[in-house]
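Residue strings, one per chain:
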Amino acid sequence: MEPMDIVGKSKEDASLPKATMTKIIKEMLPPDVRVARDAQDLLIECCVEFINLISSESNEVCNREDKRTIAPEHVLKALEVLGFGEYIEEVCAAYEQHKIETLQDSLRGGKWSNGAEMTEEEAVAEQQRMFAEARARMNGGAVAPKQPDPDPSLES
């Protein structure tokens, strides 16, 4: 009998793109280090197992809160419960960076494109603001609402 995952498919059905994973593995190592194909396959399997573990625990956290959608907060709590608490700050930073990049991408070429683009300084300031909000949420503190920028058209 094959091992089954949460949705009832065999473990072999769940995988990650091999070329992408190989590229990530190679980028993380010095250029003079080679990785055997078996070792690459093992690392990819470890990644799949890690994702399954975090997903399963995130789902349990979500269910305990009587929610139907797993939110980023559930994933962060799952990391903590599973003993990966030391990675939470780095995960939050990566998530905030992802949100900024996604927002910039959608503003740049998406349906909201109006020619306005964030400068690097504005992006860094926005990133720092979001980091502060994330830290405050993680520490149970209240987050001050973002102050709207004054409308330059109202100035005389």
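Residues numbered from 1 in each chain as written. Predicted model: local features only at pLDDT ≥ 70, side-chain atom pairs only at ≥ 80, totals over all residues. Heavy atoms only, no water.

The name given to the protein chain in an unreviewed UniProt entry is Protein Dr1 homolog isoform X1, with Durio zibethinus as the source organism. For the protein chain, the Subcellular location (unreviewed entry) comment in UniProt is given as "Nucleus". (UniProt positions renumbered as here; feature names shortened; annotations may be inferred.)

**Considerations on the overall build of the protein chain**
Assigned secondary structure in the protein chain consists of 5 helices and 0 strands. Starting at the N terminus and walking to the C terminus, you meet the elements of the protein chain as α-α-α-α-α. Within the protein chain, the proportion of its 156 residues that are buried is 20%. (Helix = DSSP H or I, 4+ residues; strand = E, 2+ residues; numbered from the N terminus. Buried < 20%, exposed > 50% of the residue type's maximum accessible area, 1.4 Å probe, protein only.)

**Some details on a nonpolar patch on the surface**
There is a patch of nonpolar side chains on the surface, built from I24, M28, L29 and V33 and spanning about 360 Å² of accessible area. On the secondary structure map, L29 appears in the loop between helix 1 (18-28) and helix 2 (37-64). For L29, a relative accessible area of 32% puts it in the partly exposed group. (Patch = residues over 30% accessible without salt bridge, like charges linked within 9 Å, V, L, I, M, F, W, Y side chains within 5 Å. Areas by Shrake-Rupley, 256 points an atom, 1.4 Å probe, with all protein chains shown as cover. Salt bridge = Lys/Arg side-chain N within 4 Å of Asp/Glu carboxyl O.)

**Observations concerning the confidence of the model for the protein chain**
In the predicted model, the protein chain carries a mean pLDDT of 81, and the fraction of residues at 70 or more is 76%. Least confident of the elements in the protein chain is helix 5 (residues 120-138), whose mean pLDDT is 87; most confident is helix 3 (residues 72-81), at 96. Confidence drops under pLDDT 50 across residues 1-9; counting only partners more than four residues distant or on other chains, this segment forms 12 contacts. Every residue in residues 111-115 is under pLDDT 50, and counting partners more than four places away or in other chains gives 5 contacts. (pLDDT = per-residue confidence, 0-100. Contact = heavy atoms within 4.5 Å.)

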